[in-house]
There are 2 protein chains.
Amino acid sequence: MQMAMGSIGVFDSGVGGLTVVRALRAALPAEPILYLGDTARFPYGSKSPATVLRYARGNARFLVERGVKLLLIACNTASAFALDTLRSELEVPVLGAVVPGAEEAVACSRRRRIGVLGTIGTVQSGSYARAIHALAPEAAVAAQACPLLVPLAEEGWTNGDVPRLVVERYLGELHGSDPEIDTLVLGCTHYPLLKGAIAEAGERLFGRPLWMVDSAGAMARAARAALSQRNLLADGQGSLGCFVTDRSRFAEVGGRLFGGPLADVEQVDLG
Amino acid sequence: MQMAMGSIGVFDSGVGGLTVVRALRAALPAEPILYLGDTARFPYGSKSPATVLRYARGNARFLVERGVKLLLIACNTASAFALDTLRSELEVPVLGAVVPGAEEAVACSRRRRIGVLGTIGTVQSGSYARAIHALAPEAAVAAQACPLLVPLAEEGWTNGDVPRLVVERYLGELHGSDPEIDTLVLGCTHYPLLKGAIAEAGERLFGRPLWMVDSAGAMARAARAALSQRNLLADGQGSLGCFVTDRSRFAEVGGRLFGGPLADVEQVDLG
């Protein structure tokens, strides 16, 4: 794999961030991208802030050493727990998943009643509520931890009774918190795979379609803006190189999330 | 926490091994036990053999340095991928989860038709089939990977429609492989929490109650035999000290699996 000086670096707890890479490839087809999936220590969503920060620092260092011009934290949990620290410690610009998602949610929500679906860590961090309130102090934000959605998406169980019942249970909690929600943030890289089930359950429970905010697209737009501002946009052919800390099932599950085969995958040891 | 020379050391990928500790406390109430849950790198079930072996070595070293007299690998995946290596590398006797579970399955199964439920790693390793065939070469073994059962057990979703449907789907696959199964091995420390749902689905699908083999009880009996043979049984008051690599949710989820509060928990960094 080339060193690819001037790539966009993207790291994630595992394969989920490939939904972000997919959006990046669509929005910025000329860019070289280096992806690091920390599959050996996946998932981050139920781990403590200190552990997630330690892992995020290691991931960021690995990509910075490969000369990336912009660093994206695809994982919402890592964004919630590590973005501020990585920004203060690194010279390269760093984008997380939370602020782009919050911006899009505020742009979508007419009533300013926003529901956030996320991991236990993302929800406990309160980071979406903070990011949304920074943009719209009057907004009401209700957040729901959805720990079973990641394993469902990883297994490809995205249609049928099981995902329907699981999603209904989580959205039922959200409806109990605020039945006036009009916008849902899919605050985890895996959730776009369950978008159909989430949209259906949302319409059934809330009695109307909900706006669905997928932070992958929002992150890709934020990345383009960040590169454009700094005159760092590439004009090459574009490329994707993947590093993983454990190769197991990466091609299989990752291909599903990326929406195509992953050719260039190298295993690395981050300890 | 005391060094507790002469403890039984138990390690696991996370909290699941506390079902083994619970069985050990019941079978060997006079023994001091040191438990290590590698919660920062949990789960092992979908990771590669090389990664699981690396983690298992680190866990074993940690406990051996604390002077344990017997080492139990509570995690079935780690038993499948690391038992032989740890036995060859360590001087302390090492017990895994697979052989005790296989022995009990062979003792239970009249027809010699055995189903094994496990993680992706445990099933792919083929270790239960090997252990069962070593005892009963004529036995037919069908194994089913059940990746959603661990997250369901961790979340405490052990009753109701969701676990029922998930368990039915996995047991339906097993029934398709061999409708004559009479014995089911719960080949993962978390599965005893779903025993009710598994037993019900088994009876419904197979048309009769199935023997359910829970390796926690079998491991506790194997541990007692191993200590007794070596004249290493303790006659003290018994104790339990827990180490975790990430404290997050350990007391909450662990207490559910242990069946009581966990008082003595220390966080350690294994890298």
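Residues numbered from 1 in each chain as written. Chains lettered and ligands numbered in written order. Predicted model: local features only at pLDDT ≥ 70, side-chain atom pairs only at ≥ 80, totals over all residues. Heavy atoms only, no water.

Turning next to the sheet that holds strand 4 (residues 94-95) of chain B. All names here are of chain B. Reading across from one edge, 4-3-1-2-9-10 is the order of the six strands in this open sheet, with parallel pairing throughout. Of all the strands in the sheet, just strand 4 and strand 10 (265-267) have a single pairing partner and so form its edges. Relative to strand 3 (residues 70-73), strand 1 (residues 8-12) runs parallel, the two sharing four bridges. Each residue of the ladder has a partner; that of G9, found in strand 3, is L71. (Pairing = 2+ DSSP bridges. Helix = DSSP H or I, 4+ residues; strand = E, 2+ residues; numbered from the N terminus.)

Take the relation of the copies chain A and chain B next. Placing chain A over chain B gives an RMSD of 0.0 Å and needs a rotation angle of 180°, together with 0.0 Å of translation along the axis. Both chain copies can therefore be described as sitting about a two-fold axis. Identified as the residue of chain A closest to the rotation axis by C-alpha distance is R41 of chain A, at 2.4 Å. Interface residue correspondence from chain A to chain B reaches 100%, placing this contact among same-surface, isologous pairings. (Least-squares fit on C-alpha atoms with pLDDT ≥ 70 in both. Contact = heavy atoms within 4.5 Å.)

It is worth spelling out the nonpolar core at this point. L149 and I198 of chain A together with L149 and I198 of chain B are the most contacted members of the largest nonpolar core, which has 58 residues in total. Counting residues per element, the ones that place at least two in this core are helix 7 (149-155), helix 8 (161-177), strand 7 (183-187) and helix 9 (195-206) of chain A together with helix 7 (149-155), helix 8 (161-177), strand 7 (183-187) and helix 9 (195-206) of chain B. Membership of the second largest hydrophobic core comes to 32 residues, among which are L28, M219, A226 and L257 of chain A. (Core = buried A, V, L, I, M, F, W, Y, C linked by side-chain atoms within 4.5 Å. Buried < 20%, exposed > 50% of the residue type's maximum accessible area, 1.4 Å probe, protein only.)

What follows deals with the interface of chain A and chain B. Across the boundary between the two partners, chain A contributes 30 residues, which contact 30 residues of chain B. Taken together, both faces of the contact between chain A and chain B bury some 2,600 Å²; the carbon and sulfur share is 60%. In this assembly, chain A and chain B are joined by two salt bridges. One salt bridge in this structure joins R54 of chain A and D269 of chain B, with 3.4 Å as the shortest N-O distance. Counting across the chain A and chain B interface gives 14 residue pairs in polar contact (both at pLDDT 80 or more). Within the residue set of the side of chain A that touches chain B, elements represented by two or more residues are helix 2 (49-64), helix 7 and helix 8 of chain A. The leading source of residues in the side of chain A that touches chain B is helix 8 of chain A, at six residues. When grouped by side-chain class, the residues that make up the side of chain A that touches chain B number 14 nonpolar, seven polar and nine charged. (Buried area = accessible area lost by both parts, 1.4 Å probe. Salt bridge = Lys/Arg side-chain N within 4 Å of Asp/Glu carboxyl O. Polar contact = N/O pair within 3.5 Å; in protein donor to acceptor, adjacent residues only side chain to side chain. Nonpolar A, V, L, I, M, F, W, Y, C, P; charged D, E, K, R; others polar.)

All right, on to the environment of R110 of chain A then. All names here are of chain A. Among the structural elements, R110 can be located in the loop between helix 4 (98-108) and strand 5 (113-118). With relative accessibility at 80%, the residue R110 sits in the exposed group. Through-space distance from the C-alpha of R110 to that of T183 is 8.6 Å; in sequence the pair is 73 residues apart.

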